[in-house]
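# Summary of structural features
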Amino acid sequence: MEKQTDEFYIGWQEAAPDGISRRVRMFIVAVCVIVPIIGALLALNQRGFVSSNFEFGETTELEGALITTPAPFLEIYRGNDVNDKLIFQHILLVKPGKHGMGEEISDLEKNLKHSLDGQFVKLQGSLIYHDGKTMMEVEKITSLMLDTTGIHVMLPFKPIGSGTFVGEIADPKCLFGVMKPGYGKPHRSCGARCIAGGIPPVLKTISDNGNLEYYLLVNEDGSPLNDQILPYVGDQVVVCGEVKMVGDWMVLYKFADKNLALAPETMRKELPLCK
Amino acid sequence: MTPNLRKYHRRIWFFLAGLLPILLVAAIAVIPAERTSPSTPDNQPEALPKVVKTASSDLLVATLRQDSATGERQVEIELKQALTNPSTLVYLIADENADPATGKLLGSLSSRKIYRLDAGKNLSGQEYLLLFDPITHLKIATLKL
Amino acid sequence: MSVNYAPILWNRQKKIYDRLMFGFMGLFIAVFIGLQLIFYPTITAETLIIRATGTLAFFMLHIILCMGPLTRIDPRFLPLLYNRRHLGVTMCCVALVHGVFNIIQFQAFGNADPLVSMFISNVNYNSIGRFPFEIFGFFALLILLLMAATSHDFWLKNLSPKVWKALHMIVYFAYAMLVAHVLLGVIQLEKSPVLIGVLGLGILTVTGLHVWAAILNKKQTNEPSERETEGFVRVCAVEDIAENRAKTVLIDGENIAIFKYENKLSAINNLCRHQNGPLGEGKIVDGCITCPWHGYQYLPHNGQSPPPFTEKVETYDVKLLDGWVYVNPTPYQEGTERPPCPIHSALKRLTKIEKSDGEANG
Ligand code: HEM
Ligand code: FES
């Protein structure tokens, strides 16, 4: 302390002595330089955000057939292809907030005393979409009506293969648009809340060539497995099951006798086989 | 500061100087690796053998294929980017500004991968490929085939 | 120095301080948000707010934590401490925005209470990588809020500076928790070596400065071991004390500052009654010992703040023998007047003794 000059700073005085204010100015200049550098480094080194969309506050009305299993979908007929095969789009239905649509549908079925599977409906809500997957946050069912088009839907779901799938468990509502990022560690507890609230879980996988695929995950019998999966939300897991196409969605029916497991850290091609 | 507080300061920071680097290393060690999935079932039909034409844009690469024996045509679409609209149908239309209603519906597109859509036999060879969104009524892309 | 509590006291230095603080915060936000919008335009507004406020608050905390040790390494940094409280409270407000947005975004609108949801949504408490990192942020925010809430001089007085300072030391645990919050949270997703590097550098700077200052401080502590008669302890040579400055000693836990001024020596307790600032590192200005931290003042001969102020510190007896300064570590009650030890008279007495010796011989 002896080496210092006799200068002394008193905050309530008008100005600081020269030597002291020079030192403090040095600090201020340093902060001046550090602030933009740190701000830029932090801003520019994120992995980026997907181009997903949530039309928050915008209402769209869509009509089609309601599908209740393996998850609530709105099935919209889009025409026939050159082979006269029917083309449908499937829109996964959820409620506002962190809630699935299943409960509302089963309550409605109880009141009406009949199944709503295949029932023609008009729905109002906000669309959520990303990478060709579309969902609707349903505000209300504006009408329940008889099928007047004569195209009664309910195609048999087409099996396209079974095997071992590795990927991250995510909630599709956030993944496909409501949040960015809607996956990974920071999103983990939100995803768990969504899935606990009845939104059907999705397995997000990456193929070797970098393409992403999304599988809606259900039990072998098509029932929801939301509760079993809660501890694994946001984790990378191994699932054994059979994939069926439900319109333009892939649905993974997890084999009942194969448990879900955390994906081993050093995993490449050699996987615990399902069969 | 009282000498005791100073002493606590010293102890706390010696402790943290040990703890924080350990925490840093431990956290780096547990960062999950992104794992690829061994199974990705492909539900697309086989590619027809002969390539007739190829066209591409920022969004996609389109290849017109043909089976010379039967004359069947097939449009192969490789999506290069994730689609950013709620619904995507693929049509063949006769001229660039034609309405999708006048065109031939081939199918729909979803996640980023390769699609093979049957295009039938009777093609003029002058068709345009149209990606159309029936929800927003938006022409997403038009491509001369 | 307060007779009554004003909501906040303003003066020119504080205004400069605050203006710089808000300027830098604006600069950070502008750079961060600007670059985000240019390079990642698809980001949502919520994420933008969450990330901008989270990183800004954490960055501010680093700056705040560096200030203390910097002033101990070089006292010319002392002005940084003068208004650090405003910096702390502002940082807490920014962190609060981050916390509230996060709780709304990630925990609300579900089938559980948002605060409960934070604790039950992710129950991997037994794992490092899967640990619910939000909990760390939550408890750190509670600490910051507690500190901000008690930051006013009213609380300082009512809790006593010692308790208040101890309370404020838990900010170090908040810091450690926030390091964990970031490492086990966003870093697990973002993974970028640059982000990890920046955080590592931050940790290194904060811990490095603290450890350096602590070692320096221990070296500088003057703890004399020899004990003289009549309870007096030898401290230093009188020339070792600069005019209007002090020497600090620690004797049996008694922290004493001995000031030299106008050819006199006075000893008072080293702890400022405001926030326990080190009076011994202060200076005598206009006849008053002035605290280096926030400028509280005390009269050297009685340890009392000049009227109308009422702060008082303990006083001690000092004496000079053969050019050595001695102090008696038994304190007098706060504010007790003790006659300063005159330097010239002691020297005179020495010559007198020599003289009388000569007379006896003669
Ligand atoms: C209730 C309290 C808190 C909660 C629930 C919370 C939650 C979160 C969440 C979920 C993230 C990841 C967000 C993302 O994906 O970007 C995050 C990141 C972060 N948090 Fe907190 N946090 C809290 C308090 C704090 C406090 C007090 C600070 C610091 C002063 C802080 C600093 C950060 C930083 C620097 C990041 C990384 C940047 C970012 O991703 O936003 N957090 N926090
Ligand atoms: S500690 Fe604040 S003036 Fe002394």
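Going by the structure above, here's the rest.
None of these values were measured; they are calculated from a predicted model. (Residues numbered from 1 in each chain as written. Chains lettered and ligands numbered in written order. Predicted model: local features only at pLDDT ≥ 70, side-chain atom pairs only at ≥ 80, totals over all residues. Heavy atoms only, no water.)

### A short note on the overall build of chain B
- Within chain B, the regular secondary structure consists of one helix and eight strands.
- The linear arrangement of helices and strands in chain B, starting from the amino end, is α-β-β-β-β-β-β-β-β.
- For chain B, whose C-alpha radius of gyration is 28 Å, the value lies well above the compact-globule estimate of 15 Å for 145 residues.
- Taking the contacts inside chain B whose residues are at least 6 apart along the sequence as the reference set, 52% of them involve residues at least 24 apart.
- Of the accessible surface of chain B, which amounts to about 6700 Å², a share of 52% is contributed by carbon and sulfur atoms. (Helix = DSSP H or I, 4+ residues; strand = E, 2+ residues; numbered from the N terminus. Rg over C-alpha atoms; globule rule 2.2 N^0.38 Å. Contact = heavy atoms within 4.5 Å. Areas by Shrake-Rupley, 256 points an atom, 1.4 Å probe, with all protein chains shown as cover.)

### Digging into the packing of helix 9 (residues 171-183) of chain C against helix 11 (residues 193-220) of chain C
Residues and elements named next belong to chain C.
- Their axes nearest at 12 Å, the elements helix 9 and helix 11 cross at an angle of 165°. By the angle between their directions, the pair helix 9 and helix 11 is classed as roughly antiparallel. In the crossing of helix 9 with helix 11, the sense of the turn from one axis to the other is left-handed. Contacts from Tyr 172, Tyr 175, Val 179, Val 182 and Leu 183 in helix 9 reach Leu 199, Gly 202, Ile 203, Val 206 and His 210 in helix 11.
- Its residues assigned to classes, the contact of helix 9 with helix 11 shows eight nonpolar, two polar and no charged. (Axes fitted to C-alpha atoms, helices over the stretch in contact; angles between N-to-C directions. Parallel < 35°, antiparallel > 145°, perpendicular 65-115°, else oblique. Left-handed = near helix turned anticlockwise from the far one by under 90°. Nonpolar A, V, L, I, M, F, W, Y, C, P; charged D, E, K, R; others polar.)

### Side note on the packing of helix 2 (residues 45-73) of chain C against helix 11 of chain C
Residues and elements named next belong to chain C.
- Axis separation between helix 2 and helix 11 bottoms out at 8 Å; the angle between their running directions is 20°. Taken together, the axis directions place helix 2 and helix 11 in an arrangement best described as roughly parallel. Considering the relative orientation of helix 2 and helix 11, their crossing is left-handed. Counting all contacts with helix 2, which are made through Phe 58, His 62, Leu 65, Cys 66, Pro 69, Leu 70, Arg 72 and Ile 73, the residues of helix 11 involved are Leu 199, Gly 202, Ile 203, Thr 205, Val 206, Leu 209, His 210, Trp 212, Ala 213, Leu 216 and Asn 217.

### Here's the deal with the interface of chain C and chain A
- The partner chain A presents 63 residues to the 76 residues of chain C that form the contact.
- With both chains or domains summed, chain C and chain A bury close to 6100 Å², and 63% of this area falls on carbon and sulfur atoms.
- It is Tyr 40, Arg 76 and Leu 189 of chain C that lose the most area in chain C upon contact with chain A, and together they represent 12% of the buried surface on that side.
- Linking chain C with chain A are two salt bridges, by the criterion used here.
- Here chain C and chain A share 31 residue pairs in polar contact (both at pLDDT 80 or more) between them.
- Counting residues per element, the side of chain C that touches chain A draws most heavily on helix 1 (residues 12-39) of chain C, which supplies eleven residues.
- By residue class, the composition of the side of chain C that touches chain A is 37 nonpolar, 25 polar and 14 charged. (Buried area = accessible area lost by both parts, 1.4 Å probe. Salt bridge = Lys/Arg side-chain N within 4 Å of Asp/Glu carboxyl O. Polar contact = N/O pair within 3.5 Å; in protein donor to acceptor, adjacent residues only side chain to side chain.)

### Details of the coordination of the iron atom of ligand 1
Residue and element names in this part refer to chain C.
- Within the protein, the iron atom of ligand 1 binds to His 98 (NE2) and His 181 (NE2); these donor distances fall in the range 2.0 Å.
- For His 98, a relative accessible area of 18% translates into the label buried.
- Judged by relative accessible area, His 181 falls into the buried class, the value being 15%. (Donors = N, O, S within 2.8 Å, 3.2 Å for Na, K, Ca; no water. Buried < 20%, exposed > 50% of the residue type's maximum accessible area, 1.4 Å probe, protein only.)

### Thoughts on the sheet that holds strand 3 (residues 73-79) of chain B
Residues and elements named next belong to chain B.
- With antiparallel pairing, four strands are arranged side by side in an open sheet as 1-2-3-6. Single-partner strands in this sheet number two, and they are strand 1 (50-56) and strand 6 (114-120). On average, each strand axis in the sheet is tilted by 20° relative to the strand beside it, whichever way the strands run.
- Two strands pair when backbone bridges link them, and strand 1 and strand 2 (residues 60-66) are joined in this way by six bridges, in the antiparallel orientation. (Pairing = 2+ DSSP bridges.)

### So, the environment of Leu 105 of chain B
- Turning to its location among the elements, Leu 105 of chain B is positioned in strand 5 (residues 104-108).
- In this structure Leu 105 of chain B touches Arg 78, Gly 79, Asn 80, Asp 81, Val 82 and Ile 87 of chain A together with Leu 89, Val 90 and Tyr 91 of chain B, once residues within four positions along its chain are discounted.

### Some thoughts on the sheet that holds strand 6 (residues 288-290) of chain C
All names here are of chain C.
- Spatial ordering of the open sheet is given by 5-6-7, a layout of three strands whose pairing is antiparallel. Strands at the two margins of the open sheet, each flanked by one partner only, are strand 5 (283-285) and strand 7 (297-298).
- With two bridges connecting them, strand 6 and strand 7 associate as antiparallel partners. Along strand 7, the bridge assignment pairs Thr 290 with Gln 297.

### Looking at the site of ligand 1
- Arg 51, His 98, Asn 102, His 181 and Val 186 of chain C are the nearest of the 22 residues found near ligand 1.
- At the site occupied by ligand 1, the surrounding residues belong to chains A and C.
- Here Arg 51 of chain C contributes a side-chain N or O atom positioned 2.6 Å from an oxygen atom of ligand 1.
- At 2.7 Å from a nitrogen atom of ligand 1 is found a side-chain nitrogen or oxygen belonging to His 181 of chain C.
- When the residues that make up the shell around ligand 1 are grouped by side-chain class, the tally is 14 nonpolar, seven polar and one charged. (Near = heavy atom within 4 Å.)

### Topic: the pattern of salt bridges
- The final tally for this structure, using the stated rule, is 16 salt bridges over all chains.
- In this structure, Arg 130 of chain C and Asp 235 of chain A form a salt bridge, with 2.6 Å as the shortest nitrogen-oxygen distance. Pair noted here: Arg 130 of chain C is in the loop between helix 5 (114-120) and helix 6 (134-149) and Asp 235 of chain A is in the loop between helix 5 (226-229) and strand 11 (236-246), and the two residues belong to different chains.
- Take Arg 130 of chain C: its relative accessible area is 19%, and that puts it in the buried class.

### Looking at the pairing of strand 8 (residues 315-321) of chain C
Residues and elements named next belong to chain C.
- Across the seven residues of strand 8, five count as buried, placing the element largely inside the fold.
- When strand 4 (residues 264-269) meets strand 8, the two strands line up antiparallel, connected through two bridges. Each bridged residue has a counterpart across the sheet, and for Ala 267 the counterpart in strand 8 is Tyr 316.
- As judged from the six bridges shared by strand 8 and strand 9 (residues 324-332), these two strands associate in the antiparallel manner. Bridging from a neighbouring strand, Thr 315 pairs with Tyr 332 of strand 9.

### Quick notes on the environment of Asp 221 of chain A
Residue and element names in this part refer to chain A.
- Within the secondary structure layout, Asp 221 lies in the loop between strand 10 (212-219) and helix 5.
- The class of Asp 221 is exposed, set by a relative accessible area of 63%.
- Separated by 35 residues in sequence, Asp 221 and Ala 256 have C-alpha atoms that sit 8.3 Å apart.
- Side chain to side chain, Asp 221 and Ser 223 meet in a polar contact 2.7 Å long.

Just geometry here; none of it tells us what the structure is for.
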